[in-house]
Amino acid sequence: MSDSAGGGESGGVTDAVQDSEADSEPPQQVPPILPESDCVEVGESTEEGAPPAAKRSRMIEEDQVLVVEPVKIHDEMPAQADLLQENTTPSPQRPLQCEEENQKGKEVTIPDKGVAECHQNGDRGHDAPEEGLKPEDEPNSDRSADSPSVGQHLGLDFTQNPQMLTGSWTEFSNFQENYLKGCKWAPDGSCILTNSADNVLRVYNLPPEIYSNNWDLIPEMNPVLRMTEGDTIYDYCWFPKMNSLEPDTCFIASSSRDNPVHVWDAFYGEVRASFRPYNHLDELTAAHSLCFSPDGAQLYCGFDKTVRVFHTERPGRDCEERPTVVKKQGQSGIISCFAFSPCQSVYACGSYSRCAGLYSCQDGTLLALLPTRHHGGLTHLLFSPDGNYLYTGGRKDSEILCWDLRDPGKVVFSLKRNVATNQRIYFDLDQSGRYLLSGDTEGVVSVWDTQTAPPDENEELLQPQLKFQAHWDCTNGISIHPFMPLLATSSGQRQFPWPGDSEGDSASDTEAGGAVMSQREIQQDNALTLWWAGPLSPPAEENQDQKTAVPEA
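This write-up is about the structure you can find in this document. (Residues numbered from 1 in each chain as written. Predicted model: local features only at pLDDT ≥ 70, side-chain atom pairs only at ≥ 80, totals over all residues. Heavy atoms only, no water.)

### Digging into the side chain of Thr450
Note the following rule: Runs of E in the DSSP output that reach at least two residues are strands. Runs of H or I that reach at least four are helices, and both are numbered from the N terminus. Any pair of N or O atoms that falls within 3.5 Å is considered a polar contact. Within protein, one atom must be able to donate a hydrogen and the other to accept it, and sequence-neighbouring residues count only if both atoms are side-chain atoms.
Looking at the element boundaries, Thr450 is found in the loop between β32 (444-449) and β33 (460-461). Here the side chain of Thr450 touches Gly433 through a polar contact of 3.1 Å, landing on its backbone oxygen. A distance of 2.7 Å separates the side chain of Thr450 from the backbone oxygen of Arg434, its partner in a polar contact.

Below you can see the structure in the form of structure tokens.
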């Protein structure tokens, strides 16, 4: 099923291993939307001998063909199932007719409130596409016009602080200072990937209780998969075409110190293939940054003044080298981050030399080099959905800059955040490009509404719409779910002992030092946390109804 790190050249990453039905495995499954619902038909009997494994579902053997049990539910997951278009918060319920052909007449209950229209970008300062929040086209074009999935989407609501749902804490307490280094939702939204100081990549499934109406019973999350790298992990990313219904597309790329780029199977945690970059001395060198092309056909790796492009279907050492410095001109420094334009054949590279460059995807030609405005090396890049704007952020830099790529070199506005260390602190945009979210060194998450930025005016500081304390330690990672109003945050940072904690000249000094150290230990917060950022149950409306009923009485 998977190639070893040394034998990655023999086959492509996306080669299907489907020679026998017995060897095939089910795709990663999204938990049932409503356990009490009977809108999904299953087989008559289950296969009792199937061994339990991470991301492995119960299978049904019918006429010697393996059928994945909850396929109907997961088939609707990436395509914005009707149930996911409604608010899943506790609120008054109303019946909804099930649309499955085999389940006519049966009903399931979904919350009544919280359906919000898709945030359109036609009214914002940035020229973004009109259908921003829709991750993909609806495959079922024959749905009725009154279906909730037509023209509607469960939108983000930042008029109030997000509500904490659950998280993972115990998993990162067994290793001393096992702080997290980021989190990323899978492209189909079925699971989330984390990186931590113990050099382990963990995969968490979306808790099934989130689809229910009782969020008080959501337990702590536990990883279903652990993938251990040999040394410090530099970067990691999902395959952009990942779909849990297609096992061949479920894999992750990661790069670590003194190791080749590994491609991990997202079902079993095994190395499926490896890409081995070599320098001019024919020595194996590690990539500092990774990113798949939007179509998934190529894997871009960042090195010192060089970008190497591997073909996903041809693991090994063969690659295309694209120097970023030619005749002492160009973008110097280590290429630390990538971002691809969603609308044009252009990608952006950020480097530790504090600048960003725009390149052609065809041959790597430098198209534009943005001015050096950051005070630290760039650690993260993001394109707006319309491809006209680029957001850049750096280490030990308190600004996120928004660049207008139609006028390279022009900063539209800046966003202030507290970044006091060299740690990579991510930020993220929602599917419409309206809301930008970022954590900071103090654990605060800021939300900016880019629609409030005045167009065609001079650069100015954009004030956040909302701030909330997500963690007591550094909030280094934040990721917005592809089509649900869910946020994932990760926290933690390396802690250094106070100078007075090594030795005390007197008993009072020792006691004082111990008190300071105990306080610092309390401030440590190494966790992955999920937040609900959608509309909550409207108690205000209920109170208003009660108030209006009193005068009438």
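Now that the structure is up, let's keep going.
### Quick word on the packing of aromatic side chains
As a reminder, the rule being used: Ring pairs shown here join Phe, Tyr and Trp side chains whose ring centres sit within 6.5 Å, with only the six-membered ring taken for Trp; geometry is labelled stacked below 30 degrees between planes, edge-to-face above 60, and tilted in between. Each residue's exposure class comes from its accessible area (1.4 Å probe, protein chains only) as a fraction of the maximum for that residue type: buried when under 20%, exposed when over 50%, partly exposed otherwise.
What the rule picks out here adds up to 15 aromatic pairs. A ring pair is formed by Tyr300 and Phe338, whose centres lie 6.3 Å apart and whose planes are at 65°; its orientation type is edge-to-face. Taken together, the residues Tyr300 in strand β17 (residues 298-303) and Phe338 in strand β22 (residues 335-340) connect sequence positions 38 residues apart. Given the relative accessible area of 0%, Tyr300 is considered buried. When its relative accessible area of 9% is taken as the criterion, Phe338 is described as buried. Aromatic side chains Phe340 and Tyr347 sit 5.6 Å apart centroid to centroid with 35° between the ring planes, which places their arrangement in the tilted category.

### Some words on the sheet that holds strand β18 (residues 306-311)
Backbone-to-backbone hydrogen bonds join strands into a sheet, with any given pair of strands oriented parallel or antiparallel. Cut-off, in case you're wondering: The pairing criterion for strands is at least two bridges between them, as found by DSSP. Here, axes are lines fitted to C-alpha atoms. For helices the fit covers the stretch in contact, and angles between N-to-C directions go from 0 to 180 degrees.
A sheet is described by the order of its strands in space; here four strands give the open sequence β16-β17-β18-β19, paired in antiparallel fashion. The outermost strands of the open sheet, each flanked by one partner alone, are β16 (289-292) and β19 (320-323). Neighbour-to-neighbour, the strand axes of the sheet open up by a mean angle of 20°, direction not taken into account. Of the strand pairs in this sheet, β18 and β19 are connected by four bridges, and their pairing is antiparallel. Paired with Val307 across the two strands is Arg322, which belongs to β19.

### Regarding the pairing of strand β9 (residues 191-196)
Counting buried positions over the six residues of β9 gives six, a clear majority of the element. The pairing of strand β8 (residues 180-185) with β9 spans four bridges and is classified as antiparallel. If you follow Cys183 over to β9, its bridge partner there is Thr194. The antiparallel hairpin formed by β8 and β9 contains five residues in its connecting segment, where Gly189 sits at a positive phi of about 75°. Between β9 and strand β10 (residues 200-205), which pair antiparallel in sequence order, lie three residues; one of them, Asn199, sits at a positive phi of approximately 65°.

This is a description of form; function is not addressed.
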